[in-house]
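What follows is each chain in one-letter form.
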Amino acid sequence: MLLLAPGIRYFPDYFNQQQQTVLLENVRAVVAAAPLYIPAMPRTGREMSVRMTNCGTLGWVTDKERGYRYQATHPVTHQPWPEIPQQLLELWQSIGNYPQPPEACLINFYSETAKMGLHQDRDEENLEAPVVSVSLGDACLFRFGGTNRKDASQSIKLSSGDVVVLGGEGRLAFHGVDRIYPGTSTLLKSTGRINLTLRRVTAS
Ligand SMILES: O=C(O)CCC(=O)C(=O)O
Ligand SMILES: [Mn+2]
């Protein structure tokens, strides 16, 4: 484990090839039940470049009308989200340092050209619990800074199987994905990257 900044822990190669393959199968099963949808920014309705879905009792969604929020059902199918795969629950137990299980696992799919702007994860009522993030597929350039948008930032390349935890002092660190490096992994059938983030939403 490497401490990238206060509260930001990095576990390179946390999942080996075989574990990544199993995880990917689980993600595919989630996507089959809860299809990827196109998230839109609050107010402007501008579409994000990532495609998203979730598993867990709650999922993070966003649209023009109602903005960022967690809800128990898929915004398009209106079905409850599938369960969080066991491997991810175990990951949280092993490194989350938090007594209660995650409620949401946001699944982001990045095509070759997708990115995610610098932001904080702060739609959770619970900011005591960490956010645990898993990378699968092509590598990306991940940027993280401090708790103010203008704070200096650093970048690292995240590869398939890597895990990053934003907890404690790092829980509200600004972060984002500047680019994908297409063709750097053979895990997925085509190019692209999948990111999974485990979150505890409620405070009790
Ligand atoms: O893709 C990543 O590594 C980060 C994703 C992220 O920050 C988010 O979904 O809030
Ligand atoms: Mn985030």
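To be clear, the structure that these remarks concern was listed above.
The model shown is predicted, which means the values in this text are computed figures rather than measured ones.

Undergrad: When you look at the sheet that holds strand S8 (residues 131-137) in this model, what are you seeing that I'm missing?
TA: Two strands in a sheet stick together by hydrogen bonds in their backbones, pointing the same way (parallel) or opposite ways (antiparallel). On the basis of which strands lie adjacent, the open sheet formed by 7 strands has the order S1-S2-S11-S8-S13-S6-S3 and antiparallel pairing. Among the strands making up the open sheet, the edge pair consists of strand S1 (2-5) and strand S3 (51-56). Across this sheet, the average inter-strand angle for adjacent strands is 20°, counted without regard to direction. With 4 bridges connecting them, S8 and strand S11 (residues 163-166) associate as antiparallel partners. In the sheet register, Val134 faces S11, and the bridge partner there is Val163.

Undergrad: Honestly, the state of the cysteines in this entry has me stumped. Any pointers?
TA: What we call a disulfide is simply a covalent bond connecting the sulfur atoms of a pair of cysteines. Tallying each qualifying case throughout the model produces 0 disulfides. Cys105 takes part in no disulfide bond, and the closest cysteine sulfur to it belongs to Cys55, at a distance of 4.0 Å. A residue is classified by how much of its surface remains accessible, and Cys105, at 0% relative accessible area, is buried.

Undergrad: Would you mind showing me how to read the nonpolar core here?
TA: Note that soluble globular proteins tend to have their nonpolar side chains buried in a common cluster. With 30 residues, the main nonpolar core has Ile8 and Met52 as its most contacted residues. Those elements that place two or more of their residues in this core are S1, strand S2 (8-11), strand S4 (59-61), strand S6 (104-110), strand S9 (139-144), strand S10 (154-158), S11 and strand S12 (175-181). Those residues within four positions of Ile8 in sequence are excluded, and the remaining contacts are Leu2, Leu3, Phe144, Val164, Val165, Leu166, Gly170 and Ala173. Listed in part, the 26 residues of the second largest apolar core include Leu88, Trp92, Tyr98 and Leu136.

Undergrad: What is the right way to look at the pairing of S9 in this model?
TA: For a regular strand, side chains alternate in direction, first toward one face of the sheet and then toward the other. By the bridge criterion, 6 bridges tie S9 to S12 in an arrangement that is antiparallel. The residue of S12 that forms the bridge with Arg143 is Gly176. Here 5 bridges tie S9 to S10, and the two strands are oriented antiparallel to one another. Residue pairing across strands places Arg143 opposite Ser155, the latter belonging to S10.

Undergrad: Please clarify how the packing of aromatic side chains should be interpreted in this entry.
TA: Under the defined criterion, the tally for this structure stands at 5 aromatic pairs. Between the aromatic rings of Phe11 and Tyr14, the centroid separation amounts to 5.9 Å while the plane-to-plane angle is 90°, which identifies the pairing as edge-to-face. What makes Tyr14 partly exposed here is its relative accessible area of 28%. Here a set of aromatic residues connected by ring pairs shows up, and it is made of Phe11, Tyr14 and Phe15. Between the NZ or CZ atom of Lys157 and the centre of the ring of Tyr181, over which it lies, the distance is 4.3 Å.

Undergrad: Would you mind going over the site of ligand 1 with me for this structure?
TA: The environment of ligand 1 is made up of Leu106, Asn108, Tyr110, Met116, His119, Asp121, Phe142, His175, Val177, Arg193, Asn195 and Arg199. In this structure, an oxygen atom belonging to ligand 1 sits 2.8 Å away from a side-chain N or O atom of Asn108. Between ligand 1 and the protein, one listed contact pairs an oxygen atom with a side-chain N or O atom of His175 at 3.0 Å. Within the complex, 96% of the 300 Å² of free accessible area of ligand 1 lies under protein. Split into classes, the residues belonging to the shell around ligand 1 amount to 5 nonpolar, 4 polar and 3 charged.

Undergrad: Looking at this structure, how should I read the environment of Leu127?
TA: Tracing the sequence through the fold places Leu127 in the loop between strand S7 (116-119) and S8. In sequence terms Leu127 and Thr202 are 75 residues apart; their C-alpha atoms lie 9.1 Å from each other. For Leu127, the residues in contact, after removing those within four places along its chain, are Asp121, Arg122, Arg171 and Leu172.

Undergrad: In this structure, what is going on with helix H1 (residues 17-33)? I would like to understand it.
TA: In this model, H1 (17 residues) spans 25 Å end to end at C-alpha, consistent with the 24 Å of a helix rising 1.5 Å per residue. Burial in H1 covers these residues: Gln20, Leu23, Leu24, Val27 and Val30. Projected onto a plane normal to the axis of H1, the buried residues spread over an arc of 115° and lie on a single side. Residues of H1 that are exposed and point over 90 degrees away from its buried face: Gln18, Glu25 and Ala32. Where H1 is buried, its residues contact S3, helix H2 (86-95), S6, S8 and strand S13 (193-199).

Rules of the game
Residues numbered from 1 in each chain as written. Chains lettered and ligands numbered in written order. Predicted model: local features only at pLDDT ≥ 70, side-chain atom pairs only at ≥ 80, totals over all residues. Heavy atoms only, no water. Pairing = 2+ DSSP bridges. Helix = DSSP H or I, 4+ residues; strand = E, 2+ residues; numbered from the N terminus. Axes fitted to C-alpha atoms, helices over the stretch in contact; angles between N-to-C directions. Disulfide = S-S within 2.5 Å. Buried < 20%, exposed > 50% of the residue type's maximum accessible area, 1.4 Å probe, protein only. Core = buried A, V, L, I, M, F, W, Y, C linked by side-chain atoms within 4.5 Å. Contact = heavy atoms within 4.5 Å. Phe/Tyr/Trp six-rings, centres within 6.5 Å; stacked < 30°, edge-to-face > 60°. Lys NZ or Arg CZ within 6 Å of the ring centre and 35° of its normal. Near = heavy atom within 4 Å. Polar contact = N/O pair within 3.5 Å; in protein donor to acceptor, adjacent residues only side chain to side chain. Areas by Shrake-Rupley, 256 points an atom, 1.4 Å probe, with all protein chains shown as cover. Nonpolar A, V, L, I, M, F, W, Y, C, P; charged D, E, K, R; others polar. Expected span 1.5 Å × (residues − 1). Arc of directions from axis to C-beta.

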